[in-house]
Amino acid sequence: MKLYYAIGACSLADKIALAEAEMPCDFERVELPERVTETGADYAAINPKGYVPALILDGGEMITENVAILSWIAEQSPKLRPEGPLGWFRLLEALAYISTEVHKSFHPFFTPGVTEDEKQAARELVGRRLDYLAAGLSDAFLLGPQLTVADAYLFVMLRWAKPNGVVLPPPLAAFYERMKARPTVAAALAGEGLYA
Ligand SMILES: N[C@@H](CCC(=O)N[C@@H](CS)C(=O)NCC(=O)O)C(=O)O
């Protein structure tokens, strides 16, 4: 199995989830925006979407999109998804929210030529999206007392927040510290030469 990733990108969530699942995986770095991998391969020829992450399964099939990759990891490792009859749907609900409402709201910070006013609007929007999550965080993790793959994705979003001027609501700041203290998270960060 191999994960194509970029340093500090949303693919870090998949690395954390794979580590939590104790699933061995090779990693190949993609340089963005050049779309060349560390072995010199043309990434666009591997994944025509051109962006990370992409997970190549042992059988050769490729899964793209964080929501799909993280769901697949949770399917392999049931401890990483919530229990109960609505467990899967609560997980998809959380992953979809993080992907479409939080992750996408960071877009102006990564887009050249964006004005300071547009960045400020994005800061406020991300803040509102995070406030919603903070208000519902009544346990150690987003979906209860046990860590799920959604927590790995949320951690990466929170890691992006601070350098872009988004102040974390206190429950999410505490969540961030809890995640940061996990050996899997520390190892995933160190593997990319990053700090929390
Ligand atoms: N819809 C994709 C978006 C992934 C995405 O935004 N990847 C970013 C890094 S976090 C990327 O590769 N950007 C480079 C590009 O779009 O060219 C997903 O949820 O997996």
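Residues numbered from 1 in each chain as written. Predicted model: local features only at pLDDT ≥ 70, side-chain atom pairs only at ≥ 80, totals over all residues. Heavy atoms only, no water.

## A few points about the site of the ligand
1) Next: Ala9, Cys10, Leu32, Arg35, Tyr51, Val52, Pro53, Glu65, Asn66, His103 and Trp160 make up every residue found near the ligand.
2) Next: Asn66 places a main-chain nitrogen or oxygen 2.8 Å from an oxygen atom of the ligand.
3) Next: Contact distances for the ligand include 3.3 Å between an oxygen atom and a side-chain N or O atom of His103.
4) Next: If you map the ligand onto the pockets, it falls in the largest pocket.
5) Next: By residue class, the composition of the shell around the ligand is seven nonpolar, two polar and two charged. (Near = heavy atom within 4 Å. Polar contact = N/O pair within 3.5 Å; in protein donor to acceptor, adjacent residues only side chain to side chain. 1 Å grid on protein atoms, 1.4 Å probe; cavity = no way out; pocket = protein on both sides within 12 Å on 5 of 7 lines; lining within 4 Å. Sits in = over half its atoms within 2 Å of the grid points. Nonpolar A, V, L, I, M, F, W, Y, C, P; charged D, E, K, R; others polar.)

## Things to note about the side chain of Lys15
1) Next: Turning to its location among the elements, Lys15 is positioned in helix α1 (residues 11-20).
2) Next: Given a relative accessible area of 7%, Lys15 falls into the buried group.
3) Next: A distance of 2.9 Å separates a polar atom in the side chain of Lys15 from a polar atom in the side chain of Glu192.
4) Next: Not counting residues within four places of it along the chain, the set of residues in contact with Lys15 comprises Leu3, Tyr5, Phe27, Ala188 and Glu192. (Helix = DSSP H or I, 4+ residues; strand = E, 2+ residues; numbered from the N terminus. Buried < 20%, exposed > 50% of the residue type's maximum accessible area, 1.4 Å probe, protein only. Contact = heavy atoms within 4.5 Å.)

## Regarding the packing of aromatic side chains
1) Next: By the definition in use, this model includes eight aromatic pairs.
2) Next: Their ring planes at 10° and their centres at 4.7 Å tell us that Phe155 and Tyr176 sit as a pair that is stacked. With a gap of 21 residues between them, Phe155 in helix α6 (residues 149-161) and Tyr176 in helix α7 (residues 170-180) connect regions that are remote in the sequence. Considered together, Phe155 and Tyr176 belong to a single accessibility category, that of buried residues.
3) Next: Grouped by ring-pair contacts, the aromatic residues Phe106, Phe109, Phe110 and Trp160 constitute a single cluster.
4) Next: The ring of Tyr5 carries the charged tip of Lys15 above its face, separated from the ring centre by 3.4 Å.
5) Next: Over the aromatic face of Phe27 sits the side chain of Lys15, whose NZ or CZ is 4.8 Å from the ring centroid. (Phe/Tyr/Trp six-rings, centres within 6.5 Å; stacked < 30°, edge-to-face > 60°. Lys NZ or Arg CZ within 6 Å of the ring centre and 35° of its normal.)

## Some thoughts on the layout of surface pockets
1) Next: In this structure, the largest pocket encloses a volume near 720 Å³.
2) Next: Around the largest pocket, the lining comprises 24 residues; the ones closest to its centre are Cys10, Tyr51, Val52, His103 and Lys104.
3) Next: Within the residue set of the lining of the largest pocket, elements represented by two or more residues are α3 (66-76) and α6.
4) Next: For the lining of the largest pocket, the per-class residue count stands at 14 nonpolar, seven polar and three charged.
5) Next: Looking at the lining of the largest pocket, you find at least three residues from each of domain 1 (2-77 + 186-191) and domain 2 (83-183). (Points joined across faces, edges and corners; volume = space filled by probe spheres on them. Domains from an automatic or database assignment.)

## A closer look at the pattern of salt bridges
1) Next: In this structure the tally under the stated criterion is ten salt bridges.
2) Next: As a salt-bridge pair, Glu28 and Lys2 come within 2.6 Å of each other at their nearest N and O atoms. Of the two residues, Glu28 is situated in strand β2 (residues 26-31) and Lys2 in strand β1 (residues 2-5); the sequence distance between them amounts to 26 residues.
3) Next: Judged by relative accessible area, Glu28 falls into the buried class, the value being 6%.
4) Next: Its relative accessible area of 26% is what places Lys2 among the partly exposed residues.
5) Next: Where Glu192 meets Lys15, a salt bridge forms, and the shortest distance between an N and an O atom there is 2.9 Å. Here Lys15 lies in helix α1 and Glu192 lies in the segment after α8 (183-191), a separation of 177 residues in the sequence.
6) Next: The exposure class assigned to Glu192 is buried, which follows from its relative accessible area of 6%. (Salt bridge = Lys/Arg side-chain N within 4 Å of Asp/Glu carboxyl O.)

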